[in-house]
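Single-letter residue listing:
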Amino acid sequence: MNAVQTGDIRTGLAAWLATVLAASSLLPLIDGTDWLAQAALLLLAQSGAAALLRHTPLPSGVVALCQLGVGLLLLTMASAGEYALAGVVPTPEVFERFGQLLTAGGDDIGRYTTPAPATDGIRLMVWGGVLLVGLLVDLLAVPLRNAAAAGLPLLALFSVAAGVGQEATGWPYFAAAGLGYLVLLLSEGGERLSHWGLFYGGPGGGRWMTARDLSYAARPRARAGRRIGALTLGVALLTPLLLPGLGDGLLDMDEPERAGAGTGGLVSVDPVVALKDQLNQPENIRLLTYRTDGAPPREMYLRLTALDEFNGAEWSSSNWRQAEVPQPPWPVTGLGGDVEFTSAVTEIRASDAYAQRSLPVPYPATSVTANGPWSFDRGSQTLVSENSSLTSSGQTYQVEHLVVRPTREQLAGAPEAEGSFQEYYTRVPEELPREVRETALEVTAGSANAYEEAVALQEWFTQSGGFRYDTRVESGTGTEAIVNFLEQKEGFCVHFAFTMAAMARSLGIPAQVAVGFTPGSRTASGEYEVGAHNAHAWPELYFEGVGWVRFEPTPGQGNAPEYTQPERPDNERPAEPEPTEPTESREPTPSASSSVPERCDPAVDGACRQEPTTPEQDRDESGFPLWPTLWGGGGLLLLLLLATPLLWRARMRARRLAPEAGPLGAWRELTDSAWDYGIVPQASETPRQAAERIIRVAQLDEAAAAAVRELATAVEAELFAPEPSPAPAAPAGAGVGAAAAASASAGGGAAAAASASAGGGEPESRSGWRRQISLARAGLAAGLPRLARLRALLLPRSAGRVIPRRA
């Protein structure tokens, strides 16, 4: 292995280290450290593949594309291996899975406070970002040998962390990122030094540098570089302490004070990860306080979100939102006029420790009054925030809702839902293990209708199935998670809710999963407190004429609804506990502007009923499907990325062929055009020598050859016989670069003299050299295969030289 290859590997490792250290700034934002170790391994594999490919004759552009492909294979293997061919090769299902994970990751970022759990969606976003930044850093530092510019993508990666968590990304992470950048600069500087060639060690002349000479020559420069780098990094760290500021900054040395009831941070609830974390909290942190008027306490489940999409591996929300909050009363999906219900008003106060971008409300809510520019989530029937700065933290809001009391007969006699609604909410993926449906059929054998099947499933989970509640069980991922739960028969509310909803769908019963809180505990003041231990998930099944109906399959948790319990005589029914009368000053009252009546009768005015629809129907009606739009934007970005070399060359060509550019600009365009078609320029050639070689190699026809010779003659006249003041002549054989310098020292060119000597005359002063360049390019392209012409157009070889020269 030669010195150049060794230097490239060393610089590549330094680029990898710099990227990993910059990515460490994300540690305060994401829980755990395993995601960073995994990202570092993926990036090492990507950089290692590039190092191996650079030892082959492949062009740098092809190596970069291969490096990008390796990154895609690694992401596929790490995030969607079960959907890929042989676990590595991407398939259409892999890209669909990526879309689901990116959507979920975006929701997780909006839902969590820092540090957020490392969900699958967040992992994919972080891994993809680190691989992309690492690719850019590696390309800039190794093949382009511009480590200074590699600081820009590193800064972008660090800026993401600094922008999201200003108080979390402190000086240690800035120091780590800066140290990585300095290591990269020193490595690239040493590699540049190795190309100097001759080493002058004093008397006796020079000799070619050996490894020992290189070490000797580099030692004082390396020491000086390290000293300068350490001093610069120290100044960058200390300067913010010496300057006045307007508040917490990027390098705030003081640990910020966080809200929370003894937790050291804010609390939010996620369908799986954070919900389990809250249940395992040693302290039942108070999150919500509410006071209700007209609702039985046992029915005061507070729904946070509804998960209506099931892909076999997980449940997620379709985010069925609209920017404008509808006028109250909000209609309730599927509620019929024969079902008994009453109106209630509940006032809820969120603690400062509870930061959520969705307001927990009793279902079904018909109006929510809260401060802030909230949006409306149609699927969850609540208010949501599209702005990360607007959360439930410290909010006091009033909810007007209905208390629905369906009977067993109404549920048992409910007809099947409308076709598209029935199809959407009973949708299960093909890869769902058959054991799920087989177990559901076995448990519900003998049931006469969907209601009896639902009750049978609930009783099996809570009583006869032998299941045990345990919050220490891992939630699991993948299509086998439900089967594992059915076999092991232990888990917490997420397992029970997800599994019962999946089994209900396999039986043809519309189902979704709700996440929120159980009613909480009553205090001496008559209010109810909801803590972190009240976080809960439960299945909701749809019955036409009633709407979404709650079930409770988790043993020992929550309250089983009355309509799922065996009917008892009136004298044996337990009395419903009366809520304590609130004090007069705290009693919530209906809003004067609300149009919710004491009893809303959908049979009369339809004010409370909404025909069952699905998020898909709503998107179809709007004519603005989200996913194709995102793909379209990504495709446009990809096309612009691919067209960048072409557009840049076209821009440079227009500048070079402008009338005022003269023959020198046209000559640069000619040599770069020849390079695009495979004729590499030689710096040692004179213009006349270069012209003859281009004519000979490309086998130009008579017209194209004449145009090339004409331009070479004009360039020589411009360089060696300028007017009005003669320029110092360049040494013979000094090449175009030295001649151009001589021309510059003379203070300009003599386009008129060059044109006269070339026979161009007056037309060249008006149109420049476009005709000659057009003839030459046509001759260069003639006879080449179509693929070679296409490559010269879309991926011109000279683009690498055009960009740094900018001329």
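Being a predicted model, the structure only gives us computed values, none of them experimental.

Focus on a nonpolar patch on the surface
Next, step 1: There is a patch of nonpolar side chains on the surface, built from Leu-787, Leu-790, Leu-793, Leu-794 and Leu-795 and spanning about 470 Å² of accessible area.
Next, step 2: Tracing the backbone shows Leu-787 in helix α25 (residues 786–794).
Next, step 3: Using a relative accessible area of 67% as the deciding quantity, one classes Leu-787 as exposed.

Quick notes on the packing of helix α12 (residues 434–443) against helix α15 (residues 493–506)
Next, step 1: One can describe the packing of α12 onto α15 by two numbers: an axis separation of 9 Å at closest approach and a directional angle of 80°. As the angle between them shows, α12 and α15 are arranged roughly perpendicular. For the pair formed by α12 and α15, the contact residues are Val-436, Arg-437, Thr-439 and Ala-440 on the first element and Ala-502, Met-503 and Ser-506 on the second.
Next, step 2: The class makeup of the residues in the contact of α12 with α15 is 4 nonpolar, 2 polar and 1 charged.

With respect to the pairing of strand β21 (residues 547–550)
Next, step 1: As defined by bridge partners, strand β20 (residues 535–543) adjoins β21 across 4 bridges and the pair is classed as antiparallel. Bridge pairing in β21 places Glu-540 opposite Arg-550.
Next, step 2: Between β20 and β21, which pair antiparallel one after the other, the connecting turn spans 3 residues, and Gly-545 there sits at a positive phi close to 90°.

Quick word on the UniProt feature "transmembrane region" (unreviewed entry) in the protein
Next, step 1: The feature "transmembrane region" (unreviewed entry), as given by UniProt, occupies residues 12–30, 36–53, 60–80, 121–140, 147–164, 170–187, 228–247 and 626–648 in the numbering adopted here.
Next, step 2: In this annotation, residues 36–53 is assigned 100% helix and 0% strand; the end-to-end C-alpha distance for the span is 26 Å.
Next, step 3: Secondary structure within residues 121–140 divides into 100% helix and 0% strand; the distance between the first and last C-alpha atoms comes to 29 Å.

A closer look at the packing of aromatic side chains
Given two aromatic rings, one states the distance between the centres and the angle between the planes to describe the pair.
Next, step 1: Under the criterion given, the structure shown has 23 aromatic pairs.
Next, step 2: With a centroid separation of 4.6 Å and 45° between ring planes, the pair formed by Phe-421 and Tyr-425 is classed as tilted. With Phe-421 and Tyr-425 both in helix α11 (residues 419–425) and 4 residues apart, the pair spans about one turn of that helix. Judged on exposure class, the residue Phe-421 and its partner Tyr-425 are both buried.

A closer look at the environment of Leu-302
Next, step 1: Its place among the elements puts Leu-302 in strand β4 (residues 302–307).
Next, step 2: Each C-alpha atom of the pair Leu-302 and Gly-520 lies 9.7 Å from the other, and the pair is 218 residues apart in sequence.

Section: the sheet that holds strand β18 (residues 521–522)
Next, step 1: Taken together, 6 strands build an open sheet; the order of strands is β11-β14-β9-β3-β19-β18 and the sheet is antiparallel. A single partner strand is all that each edge strand has here, and the edge strands are β11 (365–369) and β18.
Next, step 2: Pairing between strand β9 (residues 340–350) and strand β14 (residues 396–405): 10 bridges, direction antiparallel. Looking at β14, one finds that Glu-340 is bridged to Arg-405.

Re a negative patch on the surface
Next, step 1: Together, Glu-93, Glu-96, Glu-430 and Glu-431 make up a region of like negative charge exposed at the surface.
Next, step 2: The topology assignment puts Glu-431 in the loop between α11 and α12.

Describing the pairing of β20
Next, step 1: Buried residues dominate β20, accounting for 9 of its 9 residues.
Next, step 2: Side chains Ala-535, Ala-537, Pro-539, Leu-541 and Phe-543 project from β20 onto one buried face, and the interleaved His-536, Trp-538, Glu-540 and Tyr-542 project onto a second face that is buried too.

A short note on the pattern of salt bridges
Next, step 1: Following the criterion strictly, the structure yields 23 salt bridges and no others.
Next, step 2: A salt bridge links Glu-438 to Arg-434; its shortest N-O distance comes to 3.0 Å. Residue Glu-438 and its partner Arg-434 are both found in helix α12; the two are separated by 4 residues, about one turn of the helix.
Next, step 3: In this structure, Arg-688 engages Glu-716 in a salt bridge whose closest nitrogen and oxygen atoms are separated by 2.6 Å. Pair noted here: Arg-688 is in helix α19 (residues 687–698) and Glu-716 is in helix α20 (residues 702–720), with a separation of 28 residues, a long-range link.

A look at the packing of helix α3 (residues 60–79) against helix α5 (residues 120–141)
Next, step 1: Orientation of α3 relative to α5, taken along the N-to-C sense of each, is 160°, at an axis distance of 11 Å. One finds that α3 runs roughly antiparallel with respect to α5. Here α3 and α5 pass one another in a crossing that is right-handed. Each of Ala-64, Gln-67, Leu-68, Gly-71, Leu-75, Ala-78 and Ser-79 in α3 lies in contact with α5, whose residues at this interface are Leu-124, Trp-127, Gly-128, Leu-131, Leu-135, Asp-138 and Leu-139.
Next, step 2: Taken together, the residues of the contact of α3 with α5 break down into 9 nonpolar, 4 polar and 1 charged.

Details of unusual backbone geometry
Next, step 1: In this structure, Pro-329 follows Pro-328 across a cis peptide bond, with omega equal to 0°.
Next, step 2: Topologically, Pro-329 is positioned in the loop between β7 (321–322) and β8 (332–333).
Next, step 3: Residue Pro-364 is reached from Tyr-363 by a cis peptide bond, and omega for that bond is -5°.
Next, step 4: Residue position: Pro-364 is located in the loop between β10 (361–362) and β11.
Next, step 5: The backbone of Ala-86 shows a phi angle near 60°, a positive value even though the residue is not glycine.
Next, step 6: With respect to the element layout, Ala-86 can be found in the loop between α3 and α4 (92–111).

A closer look at the sheet that holds strand β17 (residues 511–517)
Next, step 1: One open sheet accounts for 5 strands, arranged β10-β4-β17-β20-β21; its pairing is antiparallel. For this open sheet the edge positions go to β10 and β21, each flanked by a neighbour on one side alone.
Next, step 2: Against the sheet, α15 touches β4, β17 and β20, its axis set at about 15° to β20.

Here we look at the environment of Leu-136
Next, step 1: By the element assignment, Leu-136 lies in helix α5.
Next, step 2: Separated by 13 residues in the primary sequence, Leu-136 and Ala-149 place their C-alpha atoms 9.8 Å from one another.

Comments concerning the side chain of Asp-377
Next, step 1: Note that Asp-377 resides in strand β12 (residues 375–377).
Next, step 2: Residue class for Asp-377 comes out buried when judged on its relative accessible area of 3%.
Next, step 3: Within the structure, Asp-377 has its side chain in polar contact with the backbone nitrogen of Gly-379 (distance 3.0 Å).
Next, step 4: What Asp-377 contacts, discounting residues up to four positions off in sequence, is Trp-320, Arg-321, Thr-382 and Val-384.

Calculation rules
Residues numbered from 1 in each chain as written. Predicted model: local features only at pLDDT ≥ 70, side-chain atom pairs only at ≥ 80, totals over all residues. Heavy atoms only, no water. Patch = residues over 30% accessible without salt bridge, like charges linked within 9 Å, V, L, I, M, F, W, Y side chains within 5 Å. Areas by Shrake-Rupley, 256 points an atom, 1.4 Å probe, with all protein chains shown as cover. Salt bridge = Lys/Arg side-chain N within 4 Å of Asp/Glu carboxyl O. Helix = DSSP H or I, 4+ residues; strand = E, 2+ residues; numbered from the N terminus. Buried < 20%, exposed > 50% of the residue type's maximum accessible area, 1.4 Å probe, protein only. Axes fitted to C-alpha atoms, helices over the stretch in contact; angles between N-to-C directions. Parallel < 35°, antiparallel > 145°, perpendicular 65-115°, else oblique. Contact = heavy atoms within 4.5 Å. Nonpolar A, V, L, I, M, F, W, Y, C, P; charged D, E, K, R; others polar. Pairing = 2+ DSSP bridges. UniProt positions renumbered as here; feature names shortened; annotations may be inferred. Phe/Tyr/Trp six-rings, centres within 6.5 Å; stacked < 30°, edge-to-face > 60°. Lys, Arg positive; Asp, Glu negative; His and termini not counted. Charge placed at Lys NZ, Arg CZ, Asp CG, Glu CD. Left-handed = near helix turned anticlockwise from the far one by under 90°. Polar contact = N/O pair within 3.5 Å; in protein donor to acceptor, adjacent residues only side chain to side chain.

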